[in-house]
Amino acid sequence: MVIFSMRNIFTLVCFTFCLILFSAGADAQDVTFTASVDKNIIAMGEQIEVTFTLSGSKGGSNFRAPSFDDFVVLSGPNQMNSMQFINGAMSVSTSYSYVIQPRSEGKFTIGPASIRVDGKQLNTQPITIEVRKGSSQQQRSQRSEEQNDLSRQIGENIFLRVVVDKSRVYQGEQVTASYKLYWRIALASNPSINKIPALSGFWNEEIDMPKQGGVSREIIDGKQYNVATLKKYALFPQRTGTLTIDPMELDCIVQVQTRRRSNDIFDQFFNDPFFGNTTNVNHKVRNQPVNINVLPLPLDDQPTDFSGAVGSFSVESWLDKHQVKANEPVVLKVKITGKGNVRLIEAPKIVTSPDIERYDPKIYDNITTQGDQVAGSRTFEYLMIPRYPGEQKIPSFSFSYFDLSRKKYNIYKSPDFVIQVEKSDGIKQTYATGISKEDVKLLGEDIRFIKSETASLKRSTDKFAGSVLFFVMAVLPLITFAGLFVALRKREKFYGNITLVKNRRARKIASRRLLEARKFLQSKNKEEFYAEISRALYGYLGDKLNIPRSDLTIENVCSTLLSQGVSQDTIDKLSKVLESCEFARFAPSENSHQMELIYSESAELISTLENIL
Amino acid sequence: MIRFLFLISLFITSLTFSQEALLQFEHANQLYREGKYTEAVKMYEEILKNGFESPSLYYNLGNAYFKLNKIPLSIISYERARRLDPNDEDIFYNLRIANLHVVDKIEPIPPLFFISWWNSFINNLSSDGWALVLIVSLWFTTISTLLMIWLKRVRFQRLAFIIAVLSFIFTIIAIIGINQRLSRENNKNEAVIMAQVVSVKSAPDEKSTDLFILHEGVKVEILDKVEKWHKIKLADGKIGWLEENTFEII
């Protein structure tokens, strides 16, 4: 025990001796660069202070911090120089400190930091940090003390609010949203916007803010705050229902007083804010989202041409000229002026005849945001080119909008526009499409010359067809026919129409008798056959020549036929047939061949005589 | 005989009346030749106002209007000339040229070939021409029928019969011809658009929808009339309504 203590004492003495020797003799070489953390096991959300200390040198150059990839740097690097006198010796140190916060759980390594001192590069050892889900009681109490400290200092002393002028609006009605920052602690710099609100569901128009936004003061819950409006939007809801105005996120660097947990007199002394012993802490500020209740526009009396214009507007429309030549342009202007969602106004539909070539309107906007209210004018310019001469009409068009003050739709109706289109100066006006090649050739041709024929010139009322004269002349032949027909009939009666009738019927009777004779010929009834043939011939001749039956002899017939101009040959044939008939009737033997011959001859004779008589 | 003398005297009086019109016509033609189209138009119109007409008169008037670049009026005149003499080639040609200056190009539905053959056959004669044919063929029918009865000789009877049948066919054709030509000549169903531009409506109402647009010079057929609105049909078969002051009946 004694030996032990003796050895200890010896060691201590030696060490002290050496230390004194070293520190006195070689202070230049004794430069260290170390990294330290205030704790290396932390819970999620806790902060760690990492300090890189260079001791033994007045200062290095080219300090390079490790990349805190797995951490969020809340503050730093904060450089601090210190001088210490220990036992008469002076030690100088420079420290660079960071306040970091882990991004996730696990084991992480803070890489080496480097610095150059007198041409030598010094590196620190890497440090391992373990981030746990929970935290040990001790750490928690330590952390929460610190956190409490921070949150007490920051807490209610800085916040962001979005202020809307109304929370129940119609679809398309303007809502003005102002993002206001309230603070009553020191800000190290102007806050920067980290996240711009998306403002989905709204058509937004940023309202210009004065460049040097005035900071005003407001008292909330008895505390005085500085207030600055950071951004202002005119919002036009595009959907109905509940729409949310997204929060905006600000990065503020606030100054907080740091407090050391040491009882060092110097520390306590320097802890006073008067000496600016403060740390800049990066603090995120975001506002609470605000809901807007968007009412649908009344549907029951919505005009058909309504296209979403809401506000109060006045409409003017005019033509730049009322008289043009064909193929020259005319511009129809429609100017809509007023307050509301001017930028969302759609071009009124204008219908024109196909004779007017119409182009899509050009849109000119003149919009201002005076007094938070979007107002101005939108002008539509419709270019039209009338293609054909004549009185071209542009029928009335309409524009309707929802009037917020009256909660009713307003309809503007334009007058009918009339353009007097004159023939164009061009030699040839444009022709309709679909003209054939042949027609194109004809276009150059002149018309044919006038006629000097005069014969057809007459009074238009002097129409022969359909006139009295015409009917008289048309009826005249009919009357003549009827008259003559009746006269003829009378004459026929006077002379005895029997002759006439006989004459006309002779042929018929003869052929009927010949038919009878043919039957007898087939049944070989010789006697009856010849009787029938002679009856046919005598009967026919008697009727035709108008000879009474008592006078019918062969001689008599032949002489009459001769006087009628019948050839001698025919007469001879006839008398021969008649004779053979007389003869054969009483002759006992006669072959059928002879009968056949007689039959055909008599038939021939009748047809020959019929042509002559 | 007395009747016949009366008719002849009627013809003579109408001839003496037209003597003045004839002189006017020749004077107007002279003006046209000199290029004084406005005066020529005035003169032709006066002849018309005095109640005279002829295909040549309408044709010349149409030419004068054409020279004055009054296309719709020239088309009306040509159409009137064509109504009186449908087969005249000059009228057809000039009408076609005038129609080329019409903005709207309307393709007519072509008639069946035998219908157009028949029409051009009928159009060879005016209604008066067909009236003469009718009278002549009636006489022929009458006389030949009587002869057929009168003559005893079969040969002559047969000849008379043939003549009677042929002339009877001619009589029937002439009756059809007169009807067709008269209905065409007295036709008041055709009109020419006079307004430079007019939109054809779907119903006889100012507020009804516009179906299509017509320009001056288009020929339309009038189908119906309701107050001041006329139902019209284009050559291509399109149908719509027009106000009466936008066109002139041919």
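Everything here concerns the structure above.
Below or above, wherever it landed, is the structure these notes cover. (Residues numbered from 1 in each chain as written. Chains lettered and ligands numbered in written order. Predicted model: local features only at pLDDT ≥ 70, side-chain atom pairs only at ≥ 80, totals over all residues.)

Across its full length, chain B holds 8 helices and 8 strands. The buried share among the 250 residues of chain B stands at 36%. Counting contacts in chain B only where the partners sit at least 6 residues apart, residues at least 24 apart contribute 58% of the total. (Helix = DSSP H or I, 4+ residues; strand = E, 2+ residues; numbered from the N terminus. Buried ≥ 20, exposed ≤ 12 C-beta atoms within 10 Å, placed from the backbone. Contact = placed C-beta atoms within 7 Å.)

This brings us to the interface of chain A and chain B. Counting from both sides, the interface comprises 46 residues of chain A and, opposite them, 49 residues of chain B. Only β28 (390-394), α4 (437-443), β32 (458-459), α5 (468-495) and α10 (592-612) of chain A provide two or more residues apiece to the side of chain A that touches chain B. Ranked by residues supplied to the side of chain A that touches chain B, first place goes to α5(A) with 11 residues. Of the residues that constitute the side of chain A that touches chain B, the class distribution is 22 nonpolar, 12 polar and 12 charged. Pairing geometry for β32(A) and strand β1 (residues 52-53) of chain B, over 2 bridges, is antiparallel. Within β1(B), the position partnered with Lys458(A) by the bridge is Glu53(B). (Nonpolar A, V, L, I, M, F, W, Y, C, P; charged D, E, K, R; others polar. Pairing = 2+ DSSP bridges.)

Where strands meet in a sheet, backbone hydrogen bonds hold them as pairs that are either parallel or antiparallel. Residues and elements named next belong to chain A. The antiparallel open sheet is built from 3 strands, whose spatial order is β14-β19-β20. Looking at which strands have only one partner, the edges of the open sheet turn out to be β14 (192-195) and β20 (278-286). In this sheet, adjacent strand axes meet at a mean angle of 40° when their direction is disregarded. Bridging between strand β19 (residues 249-257) and β20 involves 9 bridges; their strand directions are antiparallel. Bridge pairing links aspartate 251 to lysine 284 in β20. (Axes fitted to C-alpha atoms, helices over the stretch in contact; angles between N-to-C directions.)

Residue and element names in this part refer to chain A. The strand order β23-β31-β28 describes an open sheet built from 3 strands, whose pairing is mixed. Unpaired on one side and paired on the other, β23 (323-325) and β28 mark the two borders of the sheet. Each neighbouring strand pair of the sheet contributes to a mean axis angle of 30°, computed without reference to strand direction. Two strands pair when backbone bridges link them, and β23 and strand β31 (residues 417-422) are joined in this way by 3 bridges, in the parallel orientation. Paired with valine 324 across the bridge in β31 is valine 421.

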